[in-house]
Amino acid sequence: MEKIISKTPMITADYFSEQGLIKQVGLTKGWWNQIILKELIDNALDAIEPLKEKEIHIEINTERLGIYDNGSGIKKDIVKSIYDFNNYVSQNRNYITASRGKQGNGLKTIISICYLNKYRLLWHTAEGIVLEGIINPEQLRYGKVDVNFKELGKTEKRGIEIIGFDKNDISLCYYFFCDFVECNPDVSFYLNYMGETVEHISQSEAVDKSQNISIAYYDYNSYQNFIINTQDGNTTYKKFLENVFGTRIKNKSTIKSKIKDIDFNSDEFISDFLMLREDQATKKYTLLKKQLIGLENVLTTTIKIIDNNVSKGINDKEIPCIIEFSVKKNTFKNNTDRKNSSVKCYVNNSITYRGGESIAFEGDWYHVGNKDVYGTNLYDLLYQMNNFSFVVHVISPYLKYMDAGKTRIDISSFIQIFLEKLNKAIAKENRKFSSGNKRVNNRAIMREYVTEAFNLASDNGRYAITARQIWYKMREISGIEEKKNTYTDFTQNILTEWIDDNPEFEDKVNFSDRGNFYVNGSQNGLGTANVRNFLNQIGTAQNVFKCYGGINSNIHIEPDFDLKYKYDKVLYIEKTGFDAIFKAEKIGEKYNMIIVSGQGFSTRAAKTLLYQFQQMGMKLYCLHDLDISGIYILESFATPNKKFKNTIYMENLGVTFADIQKYNIVPESVEKKKEDIAKLENLSSEYKDFFDTGTSFRRVELNAFTTAQILEIIDNKLSNVNNLPTINLEETLSIDHNAIKETAFMRLVSEKYKKQLSDIYVPIDLSEYTAKYTVKAAKNEIPELEEQIIQQYQEVITNKLNIS
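Bear in mind that the values here come from a model prediction, so they are computed numbers and not experimental data.

1. Structural notes on the sheet that holds strand β11 (residues 317-329)
Here comes step 1: Strand order across the open sheet formed by five strands is β10-β11-β16-β12-β13, with mixed pairing between neighbours. Both outer strands of the open sheet, β10 (297-305) and β13 (350-351), are each paired with one neighbouring strand and no more.
Here comes step 2: Direction of pairing for strand β12 (residues 342-347) relative to β13: antiparallel, over a ladder of two bridges. In the sheet register, V347 faces β13, and the bridge partner there is S350.

Right under this line is the structure:
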């Protein structure tokens, strides 16, 4: 077993703690499994780029995920160098190209995620060896990445295998498979999904996008850094130009010096760079066209970035960008109408994390189809385009991002020209669509088939199932297609109505977690199953202090009380994230308070949980943003509806007007949205005056306050609230006299013979157990083995201490 030790205290904080890794990747823990899938498939695609036949194999079952390719594989030495967190391992970090890569340090990120999620990461290497790097957690505490490498046998595969991949995210593999197929038509994809095989053979000849890598660089700083970081100083500048750009470009240059002798700030060199950049600009789209996936509409444009601080414009960027897209108006089985459109988005032959929300821009009113629509991303603009499907593929060597996780791409500089072309495509598709197609409401179809779908998914109510399992059967028997908003409408409206009409099946249908609740020292997902299991445990406590122990242990006294003896209040926060802060600060323990965090408007599961707490006599508080949605979230608890028919009484904990005045918080301006304009009409004049400034709305989010300020807000309002019932210790302390008596006896005996016992040692002969056992067989032998060992010591102790 080989070992590598990297002394990197900063790196261990950056990569091997949850908060550090969140800063590295720009995405919270809920996204990490998606990072694994996307990063590994992207890496596999990069590895096979030069091949004439490209294959990606994805294997998934309940225990492991494998992503393999038909490339030559990654060498063992490279794998080991990746585990050296002192070094940045990337072959392409100095190139600007239309690449798939999101992180740059992607494989290090995969190592970190697998470690933090307790997955096993196995490398199927170029040498045909399965290699596992085992990280020592004790050394991490001292800032060292100590890795033992273990060879686990031979393999014919090339790629990466992960054991223990989260079962809840297994279905992601199928959707990733479908999306990568669509944006890589020159690759054959094979999916072994839970024992079933799906294959999609390449639809076009292989295109090698790795050749003629674009290092034309659109700004002087990047070009200079590329030369310095990738070239030997003794290489001549002419030789560099020949190797990178070709003979024609080399002959244009007048600079004959070695690279180490060049004054990069001289007028001569800057003039040479500007000449080169201008020459490359004449064929700036040539390389990008290799990335096209074949969508029918193509727009060539540029991303412009101006550096006003540098003379001569040498750091101005005019980055070539191609957008290809398709627009399709669909008809469905039974002439079904669909309320919302489908918007798929890809970037540089790879998927995006947020779909239509990934292509973003500054908010404004835009003309789409025959409507003026507000939006800050493509999903906002297009989701109301009935029966339309949009596929958008952005290709560029450089992209502006609007978030640290690089999940939202800013196309503000060319949104108008893109929408002009998009509107023409929409108009053309509308003309093609037959006016004779009669449209049928999706909800009517879902209501018709929901009972049949439930029976098929649950074996007529025999098994508990997820809402999504019902949805899959719904699609199968009704012909409704998978779309984000159609599924949301099904779960939030149709399925909720059906459960109200069929309450005997409510405990069979499980909705996914949308938040957390922190109680009794543990955090639970705010989903149907978790809430149901938790509520079923309420009332099972004996309401006593349990006393136990005896011969084999010390005496222990532990409480076994219902929640009402531990908590008198509940805090609901409208967004996740703050619950982690409150957990760290032990807010629940300080105020005898249960913490429940949601994601915006509360779900049926959340309301069920909160209502039960209310029935137990607990006081409920709501912490929310001071914006229109935040006020509606607070008021929605007190307003019964078809999803939840009971009233929940919440006290407003903030953010309030008094809070923002006390801490001098300046409200931010946000664009007016139509749905908020309508909501504002139902609010009091006090809120109307605050939120509406005429041209925009105002808001104050919880994030605008420091943690200290939020804690102070909570303390000011809750420190004097204490309604816990008192406990009569005399009546509730259950004393096990035998346990206490045995514990007292063992203490006396062990103290009396302590010195003599320390001198006794009996060699244990286990030769009769040399056979190899399965875990089950070993467990059967252990009780007998234990008894033999104890008896051997008993005999020696009896003789030496004269105990009879």
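2. Examining the sheet that holds strand β15 (residues 371-377)
Here comes step 1: The strand order across the open sheet formed by three strands is β15-β14-β17, and the pairing between neighbours is mixed. Because the sheet does not close on itself, it has two edges, and the strands there are β15 and β17 (409-410).

3. Brief notes about the packing of aromatic side chains
Here comes step 1: One pass over the structure, following the stated rule, counts 36 aromatic pairs.
Here comes step 2: Their ring planes at 40° and their centres at 5.3 Å tell us that Y223 and F273 sit as a pair that is tilted. With a gap of 50 residues between them, Y223 in helix α8 (residues 220-230) and F273 in helix α11 (residues 267-281) connect regions that are remote in the sequence. The same class applies to Y223 and to F273, which are both buried.
Here comes step 3: Note on F454 and W498: the rings are 4.8 Å apart at their centroids and 45° apart in plane angle, and the pair reads as tilted. With F454 in helix α14 (residues 442-458) and W498 in helix α16 (residues 484-501), the pair connects residues that are 44 residues apart, well separated along the chain.
Here comes step 4: Taking relative accessible area as the criterion, F454 reaches 0% and is therefore assigned buried.
Here comes step 5: Between R475 and the ring centre of Y472, over which it is positioned, the NZ or CZ distance is 4.3 Å.
Here comes step 6: Over the ring of F690 we find R698; its NZ or CZ atom is 4.6 Å from the centre of that ring.

4. Here we look at the pattern of salt bridges
Here comes step 1: Tallied over the entire structure, the rule returns 26 salt bridges.
Here comes step 2: R141 serves as the salt-bridge partner of E138, at 2.9 Å between the closest nitrogen and oxygen.
Here comes step 3: Close ionic contact of K590 with D715 constitutes a salt bridge, the shortest N to O distance being 3.6 Å. With a gap of 125 residues between them, K590 in helix α19 (residues 587-591) and D715 in helix α25 (residues 707-718) connect regions that are remote in the sequence.
Here comes step 4: For K590, a relative accessible area of 53% gives the class exposed.
Here comes step 5: Judged by its relative accessible area of 25%, D715 falls in the partly exposed class.

5. A few points about the pairing of strand β7 (residues 159-163)
Here comes step 1: For β7, the buried fraction is high: five of the five residues fall into the buried class.
Here comes step 2: Here strand β3 (residues 64-69) pairs with β7 via five bridges, running antiparallel. Bridge pairing in β7 links R64 to I163.
Here comes step 3: Relative to β7, strand β4 (residues 120-124) runs antiparallel, the two sharing five bridges. Within β7, the residue paired with R120 across the bridge is I163.

6. A look at helix α27 (residues 737-752)
Here comes step 1: Taking 1.5 Å as the rise per residue, α27 with 16 residues should run 22 Å; its terminal C-alpha atoms sit 23 Å apart, in good agreement.
Here comes step 2: For α27, the capping residue at the N-terminal end is D736, with a side-chain oxygen 3.2 Å from the backbone nitrogen of N738.

So, how was this worked out
Residues numbered from 1 in each chain as written. Predicted model: local features only at pLDDT ≥ 70, side-chain atom pairs only at ≥ 80, totals over all residues. Heavy atoms only, no water. Pairing = 2+ DSSP bridges. Helix = DSSP H or I, 4+ residues; strand = E, 2+ residues; numbered from the N terminus. Phe/Tyr/Trp six-rings, centres within 6.5 Å; stacked < 30°, edge-to-face > 60°. Buried < 20%, exposed > 50% of the residue type's maximum accessible area, 1.4 Å probe, protein only. Lys NZ or Arg CZ within 6 Å of the ring centre and 35° of its normal. Salt bridge = Lys/Arg side-chain N within 4 Å of Asp/Glu carboxyl O. Expected span 1.5 Å × (residues − 1). Polar contact = N/O pair within 3.5 Å; in protein donor to acceptor, adjacent residues only side chain to side chain.

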